[in-house]
Amino acid sequence: ISRLNIVSGMGSSIFSSPSSDLHPMDLLSRILPRNGEALAGVRMVQEGGARGVQFFSPAQALTFPSSQLFINCPLFPAEFSIVATVKVPETRMKRNEYLFTVVKEDANQLLLGLHFSKEKVHLIYQGSVGRERLSFKRIRLADNHWHSMVLAVSGHHATFTLDCGPFPSDLSTDGSRFHIGSRRKWKGLFSGLLRQLVLLPGSDATPRVCPSSNPSLVELSVPTILSNLPVKSQMNDVLLPPYETEVHVTLGSKPACTVAELGQLWFDTLKRGLFLCDGAYWHSMLQEKDRLDYVDDYQDLYTTSETLDIELFQIPSVGLFAAMAHRANKPGSAIYRWNQGHFQLYQNISTFKAQAWKQFTIGRKMFLAVSNSVGPVDGERELSVIYRWSNKRLKFVRYQTLETHSARDWESFHINNEAFLAVANHRTENGNHNIDSVVYKWNPGTKTFEVNQTISTSGAYDWEFFTIGPYHFLAVANAFDGTSTQTDSSVYIWLGGAFQLFQTIRTFGATDWEMFQIGNRVFLAVANGHMLCERGPSLYTINSTIYELDVTTKMFLKFQDIVTYSAVDWEFFSVGDEHFLVVANSYDGSSYSLNSVIYRWQGYEGFVPVHRLPTIGCSDWEFFTSAEGSYLMYSSAKAPLSKVFKLRIQ
């Protein structure tokens, strides 16, 4: 038993004295489903003869309002005990982890938290003079064994009991939430197993649970779903959902797989793979994930003109294609087909300073839309064109024309089984950048696209459609409002049959949005092209920004700034379990010959640079895979050359 006198800020009792029923408050049961169904952010695990829960994210489902506990008075009890049963693997222990926290929601302020490292346990609380800490040293929990601990606070004293061996008066919990297994953030997420977490107001819980015949697994109030172990099959105690059991793993050369080994695991140390015996054969369960080692120059693709955009797509039974948006009108833009590990010219299509291609499918029909930025002849209307794939001719044929205005991008999407196509109109023929961009809707009767909605934009450069749960979003990258590139880009949400403003984000000559997800986290990256104000020089070395969706505020908040050089594109891709972003750097104010950079996801550190690829006026990046491997492809807006890089995987 460790004992500590509380001195700092303890002239009076550290917590309030509201009337509380002196019964255990089972915090863990408040977040676990009663019927054993799946819960986001956790899984149930059985180890060491007991069940616990393991946390994978600080999900909203793992929190509950403090008002559920403190109904009559929002003040935390002056005397209380916390009983917890945990199992922490030594190799997985992070520097500091939270077992639970009480966080003031509107200010993201930590009011109370039980926080520990390998050999220390801390009770952190908001005192009269600020945040204070109550620490117990030489408490070793990270040893891969179950431990039960009781922290009791009474008046000026606190006791800490491990395995039964020999706080300010105005701390209001109003407007706060209990966060189980975290401090609301990924940093400090509890990595071990949690079996029991109980708050007992007004009493020292130690006499209630100690002495015990099983001191490392004492029980004051264990959730029902964790309290009883199911009956195990005598033949196979390995895979018994919804929990996991302890299993023995055979290492080395391939062992026999018979009925006697049914359900046993074998780890192949040479191939680094995990296999399960079904009584006759070993089946692969887990093999070493691919990792990006380095990037190799693979193919130089010489084109008839500078290229502003690449659209990669598959046509079933035909192959992989790359549509290139060429600046020159003659001979137009080219479509290449991947053949025996290389791109080869397949079809030329007449275009007029093409800016982008977009491939999409409606039913069984496949289409390809090009955004032309000028008319066929000066003074004529600008027409962007939709082409349809002809299964008979095995080529794209002209299908529909739509009037656009210096169009920079097409975006296609489906909502409720209806097809839409959005065009980013950049400016009118007389140079007005503040114009409407258009969302078209497919008419199944006429089999054409018709205007569904117009949205006011300022020098629009890009549309990005994405879906989060049941909600549909459309983000526009506004590049110029007529006087400055420092303008608001907007995110719209689909409500009532139309897109309505959801959020505005200040951008600087925005040229591209890239939405991506890592786990259950949602990100939105903007490529900022340059900073131009009414007065002063243009700046091309500026930050591009990654935003993350905050589920509490329901807004995209800044996550990370990355220095870029007139960035015009972001491309997200994954190799194995690793995630990457590559940026198209196009100009630094003096040269177009720049390194475009691949960034790797490093969790808490965000994205860090890992590879720098020499490019010339880079305008677009695309990632693709084929039978031959994984590749990155970039286009150049300043040279008639595009390049394919092969990702060397280890």
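Fair warning: this is a prediction, and the values are worked out from it, not measured in the lab.

Reading the values: rules and limits
- Throughout, a residue's number is its position along its own chain's written sequence, starting from 1.
- Only residues with pLDDT of at least 70 get local features here, since the model is predicted, and only at 80 or more are side-chain atom pairs given and counted; chain-wide, interface and lining totals rely on the full set of residues.
- Only hydrogens and water are removed before side-chain values are computed, so all heavy atoms of the structure are retained for them.
- Helix and strand definitions follow DSSP, with helices as H or I runs of at least four residues and strands as E runs of at least two, each counted in order from the N terminus.
- Each residue gets one of three labels from its accessible area relative to the maximum for its type: buried under 20%, exposed over 50%, partly exposed in between, using a 1.4 Å probe on protein chains only.
- Think of it this way: DSSP has to see at least two bridges between two strands before they count as a pair.
- In this description, a line fitted to the C-alpha atoms serves as the axis of each element, helices being fitted only across the stretch in contact, and the angle between N-to-C directions of two axes falls anywhere from 0 to 180 degrees.
- For every residue, the predictor reports its confidence as pLDDT, a number between 0 and 100.
- When checking whether two residues touch, look at their non-hydrogen atoms; a contact exists if any pair is within 4.5 Å.
- Contacts described as polar in this section are N or O atom pairs within 3.5 Å, which, within protein, must combine one atom able to donate a hydrogen with one able to accept it, while residues neighboring in sequence count only if both atoms come from side chains.
- For the purposes of this section, nonpolar cores are sets of buried Ala, Val, Leu, Ile, Met, Phe, Trp, Tyr and Cys residues that join through side-chain atoms within 4.5 Å.
- Sulfur atoms of two cysteines make up a disulfide when they are within 2.5 Å.

## Things to note about the overall build of the chain
So, point 1. Check the secondary structure of the chain and you find two helices and 46 strands.
So, point 2. Of all 650 residues assigned to the chain, the portion counted as buried reaches 54%.

## Some points on the sheet that holds strand β24 (residues 354–362)
Across a sheet, paired strands are connected by hydrogen bonds in the backbone, their directions being either parallel or antiparallel.
So, point 1. In space, the four strands of this open sheet follow the order β24-β25-β26-β27, with antiparallel pairing throughout. With partners counted over all chains shown, the strands left at the sheet margins are β24 and β27 (395–403), one partner each. For this sheet, the mean inter-axis angle between neighbouring strands, taken without regard to orientation, is 25°.
So, point 2. By the bridge criterion, four bridges tie strand β25 (residues 365–372) to strand β26 (residues 383–390) in an arrangement that is antiparallel. Bridge pairing in β26 places A369 opposite I386.

## Comments concerning the confidence of the model for the chain
So, point 1. On average, the chain scores 86 in pLDDT, and the residues at 70 or more come to 88%.
So, point 2. Confidence drops under a pLDDT of 50 for residues 1–21, and excluding neighbours within four residues, the segment shows 68 contacts in the predicted structure.
So, point 3. Within the model, the stretch residues 230–246 combines pLDDT values under 50 with 30 contacts to residues more than four positions away or in other chains.

## Comments concerning the side chain of S373
So, point 1. Here S373 is to be found in the loop between β25 and β26.
So, point 2. At a separation of 2.7 Å, a polar atom in the side chain of S373 contacts the main-chain carbonyl oxygen of K353.
So, point 3. For S373, the side chain forms a polar contact with the side chain of Q355, separated by 3.3 Å.

## A few points about the sheet that holds strand β40 (residues 567–575)
So, point 1. With antiparallel pairing, the four strands of this open sheet are ordered in space as β40-β41-β42-β43. Bordering the open sheet on either side are β40 and β43 (607–616), each of which pairs with just one other strand. Strand-to-strand twist of the sheet, defined as the mean angle between neighbouring strand axes without regard to direction, takes the value 20°.
So, point 2. One ladder, built from three bridges, connects strand β41 (residues 578–585) with strand β42 (residues 593–601); its direction is antiparallel. Following the sheet pairing, L581 is matched in β42 by Y599.

## Some remarks on the environment of S490
So, point 1. Counting through the fold element by element, S490 comes out in strand β34 (residues 486–495).
So, point 2. Distance in space between the C-alpha atoms of S490 and Q503 is 5.9 Å, their sequence separation being 13 residues.
So, point 3. In this structure, S490 is in contact with L474, A475, V476, N478, L501, Q503 and T504, ignoring residues within four places of it in sequence.

## Quick word on the nonpolar core
So, point 1. In this structure, F55, L99, F100, I180, L194 and L197 are the most contacted members of the largest nonpolar core, which totals 50 residues.
So, point 2. Non-local contacts of L194, meaning those with residues more than four positions away in its chain, are made with L28, G52, V53, F55, T85, V86, L99, I180 and L226.

## Overview of the state of the cysteines
So, point 1. Applying the stated criterion to the full structure yields two disulfides.
So, point 2. At a sulfur-sulfur separation of 2.0 Å, the disulfide partner of C164 is C210. The chirality of the disulfide connecting C164 with C210 is left-handed, given an S-S dihedral of about -80°.
So, point 3. Two residues, C257 and C277, share a disulfide whose sulfurs are 2.1 Å apart. Here C257 and C277 share a disulfide; its torsion about the S-S bond, 95°, makes the bridge right-handed. Here the residue C257 occupies a position in the loop between β15 (249–251) and β16 (265–268), and C277 occupies one in strand β17 (residues 273–277), the gap between them amounting to 20 residues.
So, point 4. Using a relative accessible area of 12% as the deciding quantity, one classes C257 as buried.
So, point 5. Assigning the bonded cysteines of the chain consecutive numbers by sequence position, one obtains the connectivity 1-2, 3-4.

## Quick look at unusual backbone geometry
So, point 1. Note the cis peptide between C210 and P211, where omega equals -5°.
So, point 2. By the element assignment, P211 lies in the loop between α1 (206–209) and α2 (224–227).
So, point 3. The peptide bond linking K330 to P331 adopts the cis configuration, its omega dihedral lying at 0°.
So, point 4. With respect to the helices and strands, the residue P331 is situated in the loop between β21 (319–326) and β22 (333–339).
So, point 5. Positive phi is not limited to glycine here, since D163 has a value of about 55°.
So, point 6. Its location among the elements puts D163 in the loop between β12 (157–162) and β13 (176–180).
So, point 7. In the Ramachandran plot, N417 falls in the positive-phi region, its phi being about 65° despite a non-glycine side chain.
So, point 8. The exposure class of N417 is exposed, given its relative accessible area of 79%.

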